[in-house]
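Architecture at a glance
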Amino acid sequence: MKKTGFPRFFAAVLLILLGSSCKSGAECRRETIFAFDTYMTFTVYGDKADEAISAAKERISALEKLWSPTDPESEIFRINHRTESTVTLSAETSGLLRTMLDVSEMTGGALDPTLFPLEKEWGFISGEYRVPGKERIAALLENTGYENITLDGDRLTLPDGFELDVGAAAKGKAADIIADCFSGIGVKSAVIDLGGNILTVGEKPDGGKWSIGIRSPYGDGTSGTVKCVGRSVVTSGNYERFFVEDGKRYHHILDPKTGFPAENGIISMTVIGAESVICDSLSTALFVMGTDKACAFLAGNDDTDAVFVTSDGIIYITAGIKDTFTYTGDGNAEIRIIEGK
Ligand code: ADP
Ligand code: MG
């Protein structure tokens, strides 16, 4: 039995950020840290760069203290080891969970922040991977389902046995919080890259658009690039964290309906929009939904753009980015455009 873990940081390194060189003449600082189990890089232009990067590092470490599922001091750990059924959340956690529950609702439960018991069983939390038996999965699914938890302002009520995992959207929310912090400091131009979860702040210092590379699901290099200003670009892929057992690959994005890794025809889903927490939530949810449901969702949501790759090698892009998306693959992919309503 062969088991292979794939360190998450590869995703970050390979999601190439183009055109953000610190050599452009403008005052610029770039710093990389390791947090949330990934590499995070802040690139900030202008005379507030030092102050902004120090503030970003402080914020990230505070947010990691809230959202780590394994740190006994964290808020998520405290929620998962509660003694009362109702707990009061911090503003950051209630904001994050509110968005996640809204996206759960909008996507028919494809995003579900209550899957922690299953993530643990598969070994995605400890790194000790295993394929659980069908009966065990069915038993654990009894203690999941976003519709069974209630968030009323900052008061969260969960049934016994339920445990939260905010990993599908935590980096997105963190990026939005850092962007707000940068705006407060007076930063006009920056890129926040939290392990491939990218949020651009303002325009490039020369007034142009940022060009963001979307990592190819097949290995090194990119499938394409998108140009954007003040938008977030977030990718979920089946290659980011997985193991192989008896020749079959099992990845970390679970279908809440089956408790097994989602195999609905999508291998990489990139969502582009204004708010990083929404892009992060949707990249996971649309990945789970599969091609037809993802296309229908995107056709009905003008604010959200996407690029996704299917297991049969087709690249789908929304009409909103057809003029700013550049294909950089080997020339063999078919590209289909998802038109709006
Ligand atoms: P990454 O964290 O690798 O960038 P995602 O944003 O897609 O990727 O989030 C995947 C993480 O979200 C998993 O590691 C797990 O903690 C959690 N998760 C997996 N499947 C789901 C799901 N269907 N709904 C909500 N959270 C999920
Ligand atoms: Mg996500």
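This write-up is about the structure you can find in this document. These figures come from a predicted structure and were not determined experimentally.

Parameters and conventions
- Residues numbered from 1 in each chain as written.
- Chains lettered and ligands numbered in written order.
- Predicted model: local features only at pLDDT ≥ 70, side-chain atom pairs only at ≥ 80, totals over all residues.
- Heavy atoms only, no water.
- Phe/Tyr/Trp six-rings, centres within 6.5 Å; stacked < 30°, edge-to-face > 60°.
- Buried < 20%, exposed > 50% of the residue type's maximum accessible area, 1.4 Å probe, protein only.
- Lys NZ or Arg CZ within 6 Å of the ring centre and 35° of its normal.
- Donors = N, O, S within 2.8 Å, 3.2 Å for Na, K, Ca; no water.
- Helix = DSSP H or I, 4+ residues; strand = E, 2+ residues; numbered from the N terminus.
- Pairing = 2+ DSSP bridges.
- Axes fitted to C-alpha atoms, helices over the stretch in contact; angles between N-to-C directions.
- Contact = heavy atoms within 4.5 Å.
- Polar contact = N/O pair within 3.5 Å; in protein donor to acceptor, adjacent residues only side chain to side chain.

What follows covers the packing of aromatic side chains. Aromatic rings considered in pairs are described by the distance between their centres and by the relative angle of their planes. In this structure the tally under the stated criterion is 12 aromatic pairs. With a centroid separation of 6.4 Å and 25° between ring planes, the pair formed by W122 and F124 is classed as stacked. The class of W122 is buried, set by a relative accessible area of 0%. Relative to Y129, the ring of F124 has its centre 5.6 Å away and its plane inclined at 55°; by these criteria the two rings are tilted. Taken as a pair, F124 and Y129 share a single burial class, namely buried. Following the ring pairs from residue to residue traces out a cluster consisting of W122, F124, Y129, F243, Y250 and F260. If you follow R249 out to its NZ or CZ, it ends over the ring of F242, 4.1 Å from the centre.

Moving on, we come to the coordination of the magnesium ion (ligand 2). Four donors placed tetrahedrally about a metal ideally form angles of 109.5 degrees, and six donors placed octahedrally ideally form angles of 90 or 180 degrees. Protein ligation of the magnesium ion (ligand 2) involves A168 (O), D280 (O), D280 (OD) and T284 (OG1), the donor distances falling in the range 2.2 to 2.4 Å. Each donor residue of the magnesium ion (ligand 2) belongs to the same chain, with the gaps between them written as A-x111-D-x3-T. One end of the pair, A168, is in the loop between strand 6 (155-157) and helix 7 (170-185); the other, D280, is in helix 8 (residues 276-289), with 112 residues separating them in the sequence.

Our next topic: unusual backbone geometry. The backbone of F36 sits at a positive phi, close to 55°, despite the residue not being glycine. Looking at the secondary structure, you find F36 in the loop between strand 2 (28-35) and strand 3 (38-45). F36 gets classed as buried once you look at its relative accessible area, which sits at 14%.

Before going further, it helps to spend a moment on the sheet that holds strand 4 (residues 86-88). The strand order across the open sheet formed by 3 strands is 4-6-5, and the pairing between neighbours is antiparallel. Strand pairing shows two members of the sheet lacking a second neighbour, strand 4 and strand 5 (150-152), which therefore form its edges. Averaged over all pairs of adjacent strands, the angle between their axes in this sheet comes to 20°, without regard to strand direction. By the bridge criterion, 3 bridges tie strand 4 to strand 6 in an arrangement that is antiparallel. Bridge pairing links T88 to R155 in strand 6.

Take T270: it is sitting in strand 14 (residues 266-273). Residue classification places T270 among the buried residues on the basis of a relative accessible area of 0%. Counting along the chain gives 36 residues from T270 to A306, while the straight-line C-alpha distance between them is 5.4 Å. Setting aside its immediate chain neighbours within four residues, T270 contacts I214, V233, V234, T235, D305, A306 and V307. There is a polar contact of 2.8 Å between the side chain of T270 and the side chain of T235.

Geometric descriptors of this kind do not, in isolation, establish any biological role.
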